[in-house]
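Descriptive analysis of the structure
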Amino acid sequence: MTQSTIKSEFTVIGTRPIRHDGIDKVTGRARYGADIALPGMLHGAVLRSPHAHARIRSIDMAKARRHPGVKAVVTGADFPEVKGVMAQVGELIVNTHYLSLNVMARGKVLYDGHAVAAVAATSRHVALEALELIEVDYEVLTPVMTAEEAMKPDAPVLLEELRTKLMAHRTDPGSAEGPDRPTNVPGHIRFERGDLAAGFRAAAHIVEREFVTAAVHQGYIEPQNALAIYGADGHVTIHCSTQGSFNVRTLTSSVLGIPEGSIRVVPAEIGGGFGGKTTVYLEPVATILSKLSGRPVKMVMSRADVLRATGPTSGTKMKVRMGAARDGTITAAEVWLAYEAGAFPGSPFAPGAMCTMAPYNVANLRIDSFDVVVNRPKVAAYRAPGSPASAFACETVIDELATLCGIDPLDFRILNGVREGMPQPAGPPYKRIGFIETCTAMRESAHYQARLEGPNRGRGVAAGFWFNGGLQSSATVNIHGDGSVSVVTGSVDIGGSRTTQAMIAAEVLGADINDVRPVVTDTDSIGHTDVTGGSRVALATGMAVYEAAHDALAQLKARAAKLWEKPIAEVRFAAGTFSAAGNGVPPMTLKQLATRLARTGGPIVGRATLNAGAVGAVGNAFAVACVDVEIDPETAKVRILRCSIAQDVGRALHPGYVEGQMQGALAQGIGWALSEEYFYDRNGLLRNAGLLDYRMPTCLDLPMIETVIVEVPNPHHPLGVRGVGEVGIVPPMAAVANAIYQAIGVRMTELPMSPPHLLKAIGQRGGVTLDSHAAAAD
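All figures in this text were calculated on a predicted structure; none of them were measured in a lab.

Where strands meet in a sheet, backbone hydrogen bonds hold them as pairs that are either parallel or antiparallel. The 8 strands lie next to each other as E11-E10-E12-E20-E19-E18-E13-E32, forming an open sheet whose pairing is mixed. The open sheet has two edge strands, strand E11 (175-176) and strand E32 (750-751), and neither has a second partner. As paired elements, strand E13 (residues 205-213) and E32 share 2 bridges and run parallel to each other. Bridge pairing in E32 links Val212 to Glu750.

Estimates place the volume of the second largest pocket at around 600 Å³. If you trace the second largest pocket, you find 23 residues lining it, with Asp24, Arg31, Glu269, Arg498 and Val520 closest to the centre. Taken together, the elements giving at least two residues each to the lining of the second largest pocket come down to helix H1 (22-27), strand E16 (263-267) and strand E24 (516-520). With 4 residues, E24 is the largest single contributor of residues to the lining of the second largest pocket. Taken domain by domain, the makeup of the lining of the second largest pocket includes at least three residues from each of domain 1 (33-143 + 218-309) and domain 3 (472-611).

Of the two faces of strand E25 (residues 571-574), only one is covered, namely that formed by Val571 and Phe573; the face formed by Arg572 and Ala574 stays uncovered. Pairing of E25 with strand E26 (residues 577-580), which is carried by 4 bridges, proceeds in the antiparallel orientation. Bridge pairing in E26 places Phe573 opposite Phe578. The loop that links E25 with its antiparallel partner E26 comprises 2 residues; one of these, Ala575, has a positive phi angle of about 50 degrees.

In this section: the nonpolar core. One finds Met322, Met357 and Ile740 to be the most contacted residues of the largest nonpolar core, which totals 115 residues. In terms of residue count, the dominant contributor to this core is helix H11 (residues 387-405) (10 residues). Every residue in contact with Met322, bar those within four places of it in the chain, is listed here: Phe200, His205, Ile206, Val207, Ile330, Ala332, Ala333, Met357, Cys394, Val397, Ile398 and Leu401. The next biggest cluster of nonpolar side chains, apart from the first, holds 47 residues, and it includes Ala544, Ala549, Ala580 and Leu590.

Here we take up helix H16 (residues 537-564). Residues three or four positions apart in an α-helix share a direction because the helix packs 3.6 residues into each turn. Spanning 28 residues, H16 covers 39 Å between terminal C-alpha atoms, matching the ideal 40 Å at 1.5 Å per step. Immediately downstream of H16, the backbone of Glu565 shows phi near 55 degrees, a positive value.

As a packed pair, helix H7 (residues 245-256) and helix H8 (residues 283-293) sit with axes 9 Å apart at the nearest point and diverge in direction by 60 degrees. In terms of axis orientation, H7 runs oblique to H8. The handedness of the crossing between H7 and H8 comes out as right-handed. On H8, the residues that touch Val248, Thr252, Val255 and Leu256 of H7 are Glu283, Pro284, Thr287 and Ile288. Residues of the contact of H7 with H8, tallied by class, amount to 5 nonpolar, 2 polar and 1 charged.

Next up on the list: the domain arrangement of the protein. Examined at the domain level, the protein breaks down into domain 1 (33-143 + 218-309), domain 2 (443-461 + 620-778) and domain 3 (472-611). Computed from C-alpha coordinates alone, the two centres of domain 1 and domain 3 are separated by 39 Å. If you look at the interface, domain 1 gives 16 residues, while domain 3 gives 17 residues. Summed over both partners, the interface of domain 1 with domain 3 buries about 1400 Å², with 55% contributed by carbon and sulfur atoms. It is Gln243, Phe246 and Arg264 that lose the most area in domain 1 upon contact with domain 3, and together they represent 43% of the buried surface on that side. In this structure, Arg264 engages Asp522 in a salt bridge whose closest nitrogen and oxygen atoms are separated by 3.5 Å. Taken together, domain 1 and domain 3 are joined by 4 residue pairs in polar contact (both at pLDDT 80 or more). Breaking the side of domain 1 that touches domain 3 down by element, the ones donating at least two residues are H7 and E16. Looking at the side of domain 1 that touches domain 3, the element that brings in the most residues is E16, giving 5 residues. Broken down by class, the residue content of the side of domain 1 that touches domain 3 amounts to 6 nonpolar, 7 polar and 3 charged.

Here we come to unusual backbone geometry. Of note, the bond from Leu751 into Pro752 is cis; its omega dihedral lies within 30 degrees of zero at 0 degrees. Its identity is not glycine, yet Phe274 carries a phi of approximately 55 degrees, on the positive side. Note on placement: Phe274 falls in the loop between E16 and H8. Look at Ala575: it is not a glycine, yet its phi comes out positive at around 50 degrees. Tracing the chain through its elements places Ala575 in the loop between E25 and E26.

Contact pair helix H15 (residues 497-509) / H16: the axes reach a minimum separation of 9 Å and the direction vectors enclose 30 degrees. Classified by the angle their axes make, H15 and H16 are roughly parallel. In this structure, H15 meets H16 at a crossing whose hand is right-handed. Each of Ser497, Gln501, Ile504, Ala505, Val508 and Leu509 in H15 lies in contact with H16, whose residues at this interface are Val537, Ala538, Thr541, Gly542, Val545, Tyr546, Ala549, His550, Leu553 and Leu556. When its residues are assigned to classes, the contact of H15 with H16 shows 11 nonpolar, 5 polar and no charged.

Right, let's talk about the sheet that holds strand E8 (residues 115-121) for a bit. Taken together, 7 strands build an open sheet; the order of strands is E4-E8-E2-E17-E14-E15-E16 and the sheet is mixed. What marks the edges here is a single partner per strand, and that holds for strand E4 (70-75) and E16. Strand-to-strand twist of the sheet, defined as the mean angle between neighbouring strand axes without regard to direction, takes the value 20 degrees. Pairing of strand E15 (residues 236-240) with E16 involves 5 bridges; the strand directions are parallel. Directly across from Val236, in E16, lies its bridge partner Ile263.

Thresholds, definitions, all that
- Residues numbered from 1 in each chain as written.
- Predicted model: local features only at pLDDT ≥ 70, side-chain atom pairs only at ≥ 80, totals over all residues.
- Heavy atoms only, no water.
- Pairing = 2+ DSSP bridges.
- Helix = DSSP H or I, 4+ residues; strand = E, 2+ residues; numbered from the N terminus.
- 1 Å grid on protein atoms, 1.4 Å probe; cavity = no way out; pocket = protein on both sides within 12 Å on 5 of 7 lines; lining within 4 Å.
- Points joined across faces, edges and corners; volume = space filled by probe spheres on them.
- Domains from an automatic or database assignment.
- Buried < 20%, exposed > 50% of the residue type's maximum accessible area, 1.4 Å probe, protein only.
- Core = buried A, V, L, I, M, F, W, Y, C linked by side-chain atoms within 4.5 Å.
- Contact = heavy atoms within 4.5 Å.
- Expected span 1.5 Å × (residues − 1).
- Axes fitted to C-alpha atoms, helices over the stretch in contact; angles between N-to-C directions.
- Parallel < 35°, antiparallel > 145°, perpendicular 65-115°, else oblique.
- Left-handed = near helix turned anticlockwise from the far one by under 90°.
- Nonpolar A, V, L, I, M, F, W, Y, C, P; charged D, E, K, R; others polar.
- Buried area = accessible area lost by both parts, 1.4 Å probe.
- Salt bridge = Lys/Arg side-chain N within 4 Å of Asp/Glu carboxyl O.
- Polar contact = N/O pair within 3.5 Å; in protein donor to acceptor, adjacent residues only side chain to side chain.

Given below as structure tokens:
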């Protein structure tokens, strides 16, 4: 269902054409990273640490070097020293030293699966045999596995040089905070306004709870891969599966000390990413192996490698204290967040602080958030990084306050909801937003209006916020001699963006969507384009395509004017047809004009480059989830009966793809809520490094997900786009927790809410059986 506050004036935008890459993908013609092979190619493999925390005393590679078929071996000693080097990636500054240490350990290993050495051989089997011949002498150290443990004064320190820095905003390098001594807490950010003590004195109801969430993986199907060719001239070509080919170029350059201009990155088709493929793991290793061997080197991770050694999202420890007046107004909120960064600094602790409480206008507020290193893999982004965990904590407490105030949970959120001009937690005021409209749409939905009956059943709602990204994008629009159009961008397609870019060009040029061919190209063939992430591609790259198409259209008008010997100002364009003011010339279609380009000046190429954030085009996004559950009274297994999501998308360019993003995000959020977690033993070893034991939901676990598309246009984007890919994952965990409370009267504060955790919570409440709560409710 689509609920719009705007009347559509478009012919292509808002329709549902078939995706341009669909046939190649369903027929197997699409080429993913692991499908690429070159003559003389070697196969690489990585030796990974069997310990969570240990010093590397020595590495003996002699036997591996002598093994038949081995052409190159590398350890951390083969990587250049890059301490103090920083890399600019989008708006963020990446510490190249820590990135390099994550790619290949030196001195210490800091998590189970940390790369220690790598080999390149004539086959993958030979490479794996060679790994077994490498002898590593470790001094095993005590691991620190959780934020709570790592923040204790006597906790073992992972990185001696770390000191706590207080940040004013998420891109601030920070200033020293606290004593000058080693710490596991490299970052702290605080947002504060009003008088917290006075706010709590004004509260009639105060709720205070602690929360814990487990680390979870993005769950993409395709493992990381890279194929590197180090040329005799020092130029490098890398084929890989990535969400950002320019990210790979910048990060590989910074780690290896190779000029960016000497690296060409060719993005393959991508089998999922969700934020997890925005950094590098294999690309620098494959490049060094190719340099040493003089041959192309291909590397593909196993599923166990993906889970052990790439970045999941953070586990957290959180504390929330919140108060409300009798009429339901939130009077004060105090939020404390600790995000596990993994082995190196860089958790989403700042976005988590920016997003929690963002849907609500709270006069008295303090949010403290901490970046904490632990002996786990360095975390990576995962859909709206940082926001889902902090929303789980605050949205659960908000639901409890609504209950105490006797107010419907959606009415409570509308009462306290933010509107245009109100401040965000980080300070800046909101521009045009649609939070109230989204809550209202869910309140009026068929799902929320339907009765839910039966024992051990409950309905929960929750809201979520994501600020969305802008960043840099480039695009070219080529007009061909037959009137067809090609749209060239550098944004890797992970959600149907190729088709939406083609739709934008078709709309501007009045072309048939089937005459527009979208192309994602390499780093040498398009201007700089930042990562596909942050819900930014439809917004930023779409804006670049829109401007490039208008550039091409202006050139087409000039050609028509030249043919007709008319001033350009007299040329009109509508519905794919050029005409002139007055009489005397017959109109021409785009196809007709295109045949005459060679005789009127040559090819037409529209171009555009921009930074969407710098021009103020970014639009914030809100979502509200509603979930019905049923609890099995014997096993405490939670079954999802019905679920729906309402989301302000600005404008739905392709409603089918928008619905798919909303449904996928909600499905991942339910997996995060109920079953997914990294499970480590007491020695810090991952015990569920496979998809059989790392339990993601399947179609058997979920009903059809209902969507409510709310369109409150972003006034700073020419098409009203906001971005849709991430905010849908923010509210589901809290919605499920709130539904569980409505079903059995237990407030869940730990993720996942699996049967063992739910049974534990029931026991802590006093052993009341599930059916007895239902009977009491009746």
